[in-house]
Amino acid sequence: MVEDSDAALVDAWRGGDREAGKRLFQRHYAAIARFFRNKVGEAGPDLIQRTFLACLEGRERFRHEAAFRSYLFAIAYKVLCKHYREQRRDEARVDFAEDSAHELSSPISAVAARQEQRLLLEGLRRLPVDYQVVLELHYWEGITAAELAEVLSIPVGTAKTRLRRGRELLEERLRELSTSAVLLCSTLANLDAWAARLRVQVLGDEPE
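Since the structure is predicted, the reported quantities are computational estimates derived from the model, not experimental observations. (Residues numbered from 1 in each chain as written. Predicted model: local features only at pLDDT ≥ 70, side-chain atom pairs only at ≥ 80, totals over all residues. Heavy atoms only, no water.)

**Side note on the overall build of the protein chain**
Looking only at helices and strands, one finds 11 helices and zero strands in the protein chain. Going from the N terminus to the C terminus, the protein chain shows its helices and strands as α-α-α-α-α-α-α-α-α-α-α. Counting every atom, the protein chain has about 10,800 Å² of accessible surface; 49% of that belongs to carbon and sulfur. (Helix = DSSP H or I, 4+ residues; strand = E, 2+ residues; numbered from the N terminus. Areas by Shrake-Rupley, 256 points an atom, 1.4 Å probe, with all protein chains shown as cover.)

Spelled out as structure tokens, the structure:
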């Protein structure tokens, strides 16, 4: 029986154990699905498949310098960026520090039951992509600044700055989008709690 840690499963998978690879994909599938859910809508299944295919093709390059999930999210981020560039038909350069998922992808219907959740989802989509990525990974996957630095290949200090600035921009977007002062106050006062509920109720919690 192969040890259940990601590192052990990766080593077994590279050694030819297909079951180990299957267990890795099952373990991380929901998290990768969440990564794409609020950014691309209907293109999500295809991009999830591309992510795991790229992981399969590049598994020999994984050297345990970072956690496997960081490695997988790094692939997902590259797949996302490539997708957005492919969708731009006017050949304009995509600036992920400026352009948002709202501008780069087709509309996504928010299935959240609560107004606060719908407001939060839309607020995140109105952020520049690089800020949406760090906030969603932080809120929904519990990823630290150090892990974000690994995912995005940036210094830890830059990752911390993006988190801080991302929260500031999110508050600005929520103020712009909110239809009432009561809704805005409820959303801002319990932002972490609403984000956690979104993960479970809307985006699908990661299986044990």
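**What about the environment of W140?**
Structurally, W140 can be placed in helix α7 (residues 129-141). For W140, a relative accessible area of 2% puts it in the buried group. For the pair formed by W140 and R197, sequence separation is 57 residues and the distance between their alpha carbons is 9.3 Å. (Buried < 20%, exposed > 50% of the residue type's maximum accessible area, 1.4 Å probe, protein only.)

**Some words on unusual backbone geometry**
The phi dihedral of S153 falls on the positive side, at around 55°, and the residue is not glycine. With respect to the secondary-structure elements, S153 resides in the loop between α8 (145-152) and α9 (156-177). The exposed category is assigned to S153, whose relative accessible area is 63%.

**Structural notes on the packing of helix α2 (residues 18-40) against helix α3 (residues 44-57)**
α3 packs onto α2 with a crossing angle of 135° between their chain directions and a minimal axis gap of 9 Å. The orientation of α2 with respect to α3, classified from their angle, is oblique. Note on packing geometry: the crossing formed by α2 with α3 is right-handed. Across from F25, H28, Y29, I32, A33, F36 and V40 in α2, the residues of α3 making contact are G44, L47, I48, T51, F52 and C55. Here the contact of α2 with α3 is built from residues that sort into 10 nonpolar, three polar and no charged. (Axes fitted to C-alpha atoms, helices over the stretch in contact; angles between N-to-C directions. Parallel < 35°, antiparallel > 145°, perpendicular 65-115°, else oblique. Left-handed = near helix turned anticlockwise from the far one by under 90°. Contact = heavy atoms within 4.5 Å. Nonpolar A, V, L, I, M, F, W, Y, C, P; charged D, E, K, R; others polar.)

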